[in-house]
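Overview (structure and organization)
One-letter residues, chain by chain:
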Amino acid sequence: MKYKGGKCLVLYTIIATLRTRQREMLKFGTIGIGGFGRTHLSSIATLEADGSALLAAVAEVNYDPNKDKIEELRSRGVKYYSDWHQMLDFEKGLDVVTIATPLHLHSDMTIEALRRGFNVLCEKSATTTIQEIDAMIAAQKESGKLCAIHFQLLTGRPFRRLKELLFNGRLGKPKTLVGIGLWKRQDIYFARSRWAGKFKVDDRYVLDGPINNALAHIYNNLLSLACEGPNELAKPIEVKAELYRAHPQIEMEDVASIHVKTESDVDIYFYPTYCVETHKDPWIEVEAENGKAIWTNKSLKIEYNDGENEEMLLDASGQGSSQKIFQNIVDVLSGNAEEVYSPLAESKKLVSAQNGAYYSSKKIVTIPDEYIVRKEEGVSISTIVKDLDEIILRAASERKLFSELGVPWAKGTEPFSLEGYERFQLEEI
């Protein structure tokens, strides 16, 4: 085919530009596209629209429930694998492997991907035990690759602003941090998979309760606010925790009160639950040298001791989001940012605090039926602990665990020191 004059040059320029853009785009592969994996796919799609990334491959063992999505991706040229090992075998050109699978699979998948030479973004929490995250960190150091954990609530403007104001900023050093998660989870939530609400699956620890899974974001953010570094967590040194169970079909906690002492001399109190009448967005209360603050993913309100106030209310664009985590990965790998929001190594501190709660509690106490209401709501059944929202708000206000308030179903525990702690090996809970 012949072209006249400048037409050939124009066509050559267009082709060269497209090839250059394709080379510049980071290639992603995702392991697990059901459940929260869809959020990973959505975030990558936004990067694709910006021309900064390309979804090259996905691995998903459950084909039938995800058939429509898999075939849609195939029609767009995305390679599909039913075995994640095969994706790593055949997709050598991937720049980032994202992992959106059950908690007990995170460590093996992350370690294997790092050893194969891929950068990794793993869903939260990083893993379930201290020995597993130690192995993950060792694999990352050996590989020299980037590994981040998907804690998207670290990324919003209210949270980053609060971090700036603490320690050396206007608010000064934090004294006490209180995290509250008043969530409602119905029976259908625990029927979503065979690992939901379980202690172990196939001899692997799952520890699927609000501490490790759904409300781990708040635990993580509390440790972040207790540390001066912008993308670091405070080191926990002691944990005292009371863990309770109200849902009859689960093995793990669905109600908890936790007190963490940190190396930075900041006290953390955390009250997560799935068993309240009215579901609410989580929040964190901050008591600092120069004032008080309340953070949610949508807002920040501050009252300074000198009488001045500060308030930040945001639309969705300013909140912490998965998209910001993915963009951050692209920015770091492209040389446009220095570090990720949630480095793998920092998550060891969270895993220590999570594990420590189980060692302090020693067992999960079943709340007697007389304090529980089970009722049909919509398509499922809710489990509600009577007056639990009031109990949690009072405990948060007084900085106490439930037994210290004299709650009739509560049982006291002893603090667990994390000094020298290296291995989680509870056989029952």
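Structure's up top.
Heads up: these notes are all about the structure in this document.

Conventions used here
Residues numbered from 1 in each chain as written. Predicted model: local features only at pLDDT ≥ 70, side-chain atom pairs only at ≥ 80, totals over all residues. Heavy atoms only, no water. Core = buried A, V, L, I, M, F, W, Y, C linked by side-chain atoms within 4.5 Å. Buried < 20%, exposed > 50% of the residue type's maximum accessible area, 1.4 Å probe, protein only. Contact = heavy atoms within 4.5 Å. 1 Å grid on protein atoms, 1.4 Å probe; cavity = no way out; pocket = protein on both sides within 12 Å on 5 of 7 lines; lining within 4 Å. Points joined across faces, edges and corners; volume = space filled by probe spheres on them. Pairing = 2+ DSSP bridges. Helix = DSSP H or I, 4+ residues; strand = E, 2+ residues; numbered from the N terminus. Axes fitted to C-alpha atoms, helices over the stretch in contact; angles between N-to-C directions. Salt bridge = Lys/Arg side-chain N within 4 Å of Asp/Glu carboxyl O. Phe/Tyr/Trp six-rings, centres within 6.5 Å; stacked < 30°, edge-to-face > 60°. Parallel < 35°, antiparallel > 145°, perpendicular 65-115°, else oblique. Nonpolar A, V, L, I, M, F, W, Y, C, P; charged D, E, K, R; others polar.

For the rest of this paragraph, the subject is the nonpolar core. Within soluble globular proteins, side chains that are nonpolar generally end up buried alongside one another. Counting 114 residues, the largest nonpolar core has I258, F402 and W409 as its most contacted members. Contact partners of I258, with chain neighbours within four places excluded, come to I211, Y219, V239, K240, A241, I268, Y269, F270, A357 and L401. Within the second largest apolar cluster, 23 residues are counted, among which are L55, I70, Y80 and V330.

Across all of its chains, the model carries 1 cavity of 30 Å³ or more by this definition. What the largest cavity holds in volume is close to 50 Å³. Looking at the largest cavity, it is lined by 13 residues, and the ones nearest its centre are L154, N231, L233, Y341 and S342.

Bringing the sheet that holds strand β1 (residues 26-31) into the picture now. Strand order in the open sheet made by the 6 strands is β3-β2-β1-β4-β5-β6, with parallel pairing throughout. At either margin of the open sheet sits one strand with a lone partner, and together these are β3 (79-81) and β6 (147-150). Put simply, the sheet's adjacent strands are angled 25 degrees from each other on average, direction ignored.

Opposite charge on two side chains lets them pair, provided their charged atoms get close. Per the stated rule, a full pass over the model turns up 29 salt bridges. A salt bridge links R161 to E164; the shortest N-O distance between them is 3.6 Å. A residue pair is termed a helical-turn pair when its members lie 3 or 4 positions apart in one helix, as R161 and E164 do in helix α7 (residues 157-165) at 3 residues. Residue E238 is joined to K261 by a salt bridge in which the shortest nitrogen-to-oxygen separation is 3.8 Å. Within this pair, whereas E238 is found in strand β10 (residues 236-245), its partner K261 is found in strand β11 (residues 255-262), the two being separated by 23 residues in sequence. One connected set of salt bridges, linked through shared partners, spans E48, K69, E72 and R76.

What follows deals with the environment of G181. Mapped onto the fold, G181 is located in strand β7 (residues 174-182). Along the sequence, G181 and T273 sit 92 residues apart, while their C-alpha atoms lie 6.1 Å from each other.

Turning our attention to the packing of aromatic side chains. In this structure the tally under the stated criterion is 19 aromatic pairs. Ring geometry for Y205 against F424: centres 4.9 Å apart, planes inclined by 90 degrees, an arrangement best described as edge-to-face. Within this pair, whereas Y205 is found in strand β9 (residues 204-205), its partner F424 is found in the segment after β20 (416-417), the two being separated by 219 residues in sequence. Between Y359 and F424 the ring centres are 5.5 Å apart and the planes differ by 90 degrees, which places this aromatic pair in the edge-to-face class. Here Y359, found in helix α11 (residues 347-361), pairs with F424, found in the segment after β20; they are 65 residues apart in sequence, far enough to count as distant.

Closest axis-to-axis distance for the α7/helix α9 (residues 216-225) pair is 10 Å, and the angle between their directions is 30 degrees. Classed by the angle they form, the pair α7 and α9 counts as roughly parallel. Only N221, S224 and L225 of α9 make contact with α7, whose side of the interface consists of F159, L162 and K163.

By rolling a water-sized probe across the atoms, one finds the places where empty space is left. In this structure, the largest pocket spans a volume of roughly 1,300 Å³. Around the largest pocket, the lining is made up of 49 residues, and of these F36, A100, T101, P102 and W195 lie nearest the centre. Elements with a contribution of two residues or more to the lining of the largest pocket: α5 (106-115), α9 and β14 (291-296). By residue number, the principal contributor to the lining of the largest pocket is α5, which donates 3 residues. By residue class, the composition of the lining of the largest pocket is 20 nonpolar, 17 polar and 12 charged. Its boundaries defined by the atoms lining it, the second largest pocket holds a volume of some 220 Å³. In terms of lining residues, the second largest pocket is bounded by 13 residues, among which V286, K292, A293, I294 and E303 are the most central. Secondary structure elements with two or more residues in the lining of the second largest pocket: β13 (283-288), β14, β15 (299-304) and β16 (309-313). Across the lining of the second largest pocket, the residue classes tally to 4 nonpolar, 1 polar and 8 charged.

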